[in-house]
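Take a look at the letters that make up each chain.
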Amino acid sequence: MLELKNITKVIGEKIILRNFSLALEQGKSVAVVGPNGAGKSTFFKLAAGLMQQTSGEILLNGEQIKKKSLLLKKKVGYLGHESFLYNALTPIENLTFYGKLYKVKNMEEKITELLRAVGLHYFKDIPIRSFSRGMMQRLAIARVLLAEPEFLLLDEPHTGLDQEAVSLLNQLIKERQNKGVAILLISHDFEQVINVCDQVLILNKGKVVDEKDIDHQAGLMPFKKWYEAAVSRK
Ligand SMILES: Nc1ncnc2c1ncn2[C@@H]1O[C@H](COP(=O)(O)OP(=O)(O)OP(=O)(O)O)[C@@H](O)[C@H]1O
């Protein structure tokens with residue numbers, strides 16, 4: 001379980017997160033939605049150990065974790081707005097670099113499998129500087145999955161992907177979830193939120209203003225109405 005307890009984050013004089021708490025259990029998929037600047041990405045960076053909270057604690061399977069903890073980096077796969085990939089390297093070289101860093105077992109086999117899964121197998125030996133945004137995103141997804149994290153934190157993962165890649169990504173997420181991996185997803189694309197997640201919370205001005213289980217049968221309109229009502233509430 002990944003737990004954030006009473007997290008507050010202040011940058012300069014601005015309170016970005018206010019007393020934020022969340023417990024993410026194995027096999028759950030939770031979406032985090034909210035207006036621009038609500039604090040969603042900041043919350044993910046804290047949970048991934050890339051930023052230090054001002055107060056509150058983060059626990060990974062009961063153990064308190066600190067910024068830059070290697071255990072956290074291995075157990076929590078974070079896909080952010082930056083790809084963390086090296087332009088001069090090929091897909092194989094990029095994944096090998098991360099595979100060694102995280103001491104991945106059966107690395108070569110896993111890299112081949114993942115490159116096939118994200119549809120980059122034919123481009124595996126080409127330096128990625130010439131890749132399109134969608135191809136970069138596919139490789140970034142493979143990088144995150146390589147260490148087989150227990151928790152997947154995906155910040156706008158569908159951005160830049162074509163329809164085929166979106167389906168592929170959703171399938172990869174579902175497969176991981178079925179194996180017990182917990183998913184946290186930030187998205188402005190409510191259709192993908194409904195496709196991928198079972199629960200959703202709305203973050204506004206650094207606070208959770210509403211949350212619910214997703215009704216997959218109800219479709220987009222009721223979801224949008226619920227969201228609009230929650231963010232316009234004082
Ligand atoms: N390093 C920083 N220094 C100053 N302010 C920051 C910093 N990082 C984030 N902020 C501010 O914190 C607030 C929350 O930002 P954050 O990126 O977490 O929001 P978000 O909900 O992810 O937004 P978006 O949907 O636009 O990605 C914003 O007002 C942003 O300007």
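Coordinates for the structure precede this section.
Just so you know, the residues in each chain are numbered from 1, in the order the chain's sequence is written. Local features in this predicted model are restricted to residues whose pLDDT is 70 or higher, and side-chain atom pairs enter the listing and the counts only when it is 80 or higher, whereas totals over whole chains, interfaces and linings include all residues. The basis for every side-chain value is the complete set of non-hydrogen atoms in the structure, without hydrogens or water.

J.: How do you make sense of the site of the ligand when you look at a structure like this?
T.: Only a single heavy atom is needed: when it lies within 4 Å of a molecule or strand, its residue is near that molecule or strand. Neighbouring the ligand are the residues Ile 11, Lys 14, Ile 16, Pro 35, Asn 36, Gly 37, Ala 38, Gly 39, Lys 40, Ser 41, Thr 42 and His 188. Polar contacts here mean pairs of N or O atoms no more than 3.5 Å apart (in protein, one a potential hydrogen donor and the other a potential acceptor; neighbouring residues in sequence count only if both atoms are side-chain atoms). For the ligand, an oxygen atom lies 2.8 Å from a polar atom in the side chain of Asn 36. Between the ligand and Thr 42 there is a distance of 2.5 Å, counted from an oxygen atom to a side-chain nitrogen or oxygen. Protein burial of the ligand: of its 640 Å² of free accessible surface, 62% is covered by the chains. Within the residue set of the shell around the ligand, elements represented by two or more residues are strand 2 (14-24) and helix 1 (40-47). For the shell around the ligand, the element with the highest residue contribution is helix 1, accounting for 3 residues. Under the scheme applied, nonpolar residues are Ala, Val, Leu, Ile, Met, Phe, Trp, Tyr, Cys and Pro; charged residues are Asp, Glu, Lys and Arg; polar residues are all the others, including Gly. Here the shell around the ligand is built from residues that sort into 4 nonpolar, 6 polar and 2 charged. Calculation of accessible area relied on Shrake-Rupley with a 1.4 Å probe; when residues are assessed, cover is drawn exclusively from the protein chains displayed. We count a stretch as a helix when DSSP gives it H or I for four or more residues in a row; a strand needs E for two or more, and each element gets its number in order from the N terminus.

J.: Is there a simple way to explain the packing of aromatic side chains in this structure?
T.: Within a pair of aromatic rings, the relevant descriptors are the distance that separates the centres and the angle that separates the planes. Centres within 6.5 Å make a pair out of two Phe, Tyr or Trp rings, where for Trp the six-membered ring is used; the pair is then stacked when the planes are under 30 degrees apart, edge-to-face when over 60, and tilted otherwise. The tally for this structure, following the rule as stated, stands at 9 aromatic pairs. For the ring pair Phe 20 and Phe 43, a centre distance of 4.5 Å and an interplane angle of 50 degrees mean the geometry is tilted. One end of the pair, Phe 20, is in strand 2; the other, Phe 43, is in helix 1, and 23 residues separate them in sequence. An identical accessibility class is assigned to Phe 20 and Phe 43; each is buried. Each residue's exposure class comes from its accessible area (1.4 Å probe, protein chains only) as a fraction of the maximum for that residue type: buried when under 20%, exposed when over 50%, partly exposed otherwise.

J.: Can you help me understand the packing of helix 5 (residues 133-146) against helix 6 (residues 163-178) in this one?
T.: Any two packed helices are characterised by how steeply their axes cross, that is the angle between the axes, and by the distance between the axes. Only the stretch in contact is used when a helix axis is fitted, and all axes are lines through C-alpha atoms; the angle between N-to-C directions ranges over 0 to 180 degrees. Two elements in contact, helix 5 and helix 6, have axes whose closest approach is 12 Å; the angle formed by their N-to-C orientations is 10 degrees. By the angle between their axes, helix 5 is roughly parallel relative to helix 6. Here Arg 138, Ile 141 and Leu 145 of helix 5 lie close against helix 6, whose contacting residues are Glu 164, Ala 165, Leu 169, Leu 172 and Arg 176. Residue classes in the contact of helix 5 with helix 6 are distributed as 5 nonpolar, no polar and 3 charged. Relative orientations are named as follows: roughly parallel for angles under 35 degrees, roughly antiparallel for angles over 145 degrees, roughly perpendicular for angles from 65 to 115 degrees, and oblique for any other angle. Any two residues whose heavy atoms approach within 4.5 Å at even a single point are treated as in contact.

J.: Please explain the pattern of salt bridges as it appears in this structure.
T.: Side-chain pairs of opposite charge can arise whenever the charged atoms involved come near each other. Every case where a carboxyl oxygen of Asp or Glu lies within 4 Å of a side-chain nitrogen of Lys or Arg is listed as a salt bridge. A full pass over the atoms with the stated rule returns 6 salt bridges. A salt bridge links Arg 138 to Asp 162, with the shortest nitrogen-to-oxygen separation between them at 3.7 Å. Here Asp 162 lies in the loop between strand 7 (151-155) and helix 6 and Arg 138 lies in helix 5, a separation of 24 residues in the sequence. Of the charged contacts in the structure, one is a salt bridge between Arg 176 and Glu 175, with a shortest N-O distance of 3.6 Å. According to the relative accessible area criterion, Arg 176 is buried, its value standing at 16%. Here Glu 175 falls in the partly exposed class, since its relative accessible area comes to 34%.

J.: Any chance you could explain the pairing of strand 4 (residues 55-60) here in plain terms?
T.: Looking down a regular strand, the side chains alternate between one sheet face and the other. When DSSP finds two or more bridges between a pair of strands, those strands are recorded as paired. Pairing of strand 1 (residues 2-11) with strand 4 involves 5 bridges; the strand directions are antiparallel. Within strand 4, the position partnered with Lys 5 by the bridge is Glu 57. Across 2 bridges, the pairing between strand 4 and strand 5 (residues 63-64) is antiparallel. Considered in strand 5, the bridge of Leu 59 is made with Gln 64. Count of turn residues in the strand 4/strand 5 antiparallel hairpin: 2 residues, of which Asn 61 carries a positive phi of about 45 degrees.

J.: It is not clear to me how the sheet that holds strand 6 (residues 76-79) should be interpreted in this structure. Could you clarify?
T.: The pairing of strands in a sheet comes from backbone hydrogen bonds and takes either a parallel or an antiparallel form. Taken in spatial order, the 6 strands make up an open sheet running 6-7-8-3-9-10, and their pairing is mixed. For this open sheet the edge positions go to strand 6 and strand 10 (207-213), each flanked by a neighbour on one side alone. Strand-to-strand, the axes of this sheet are offset by a mean angle of 15 degrees, without reference to chain direction. Looking at chain direction, strand 3 (residues 29-33) and strand 9 (residues 199-204) are connected through 4 bridges and run parallel. By the bridge assignment for strand 9, Val 30 is matched with Gln 199. Taken strand by strand, helix 1 contacts strand 3, strand 6, strand 7, strand 8 (182-186) and strand 9, and its axis lies near 150 degrees from that of strand 8.

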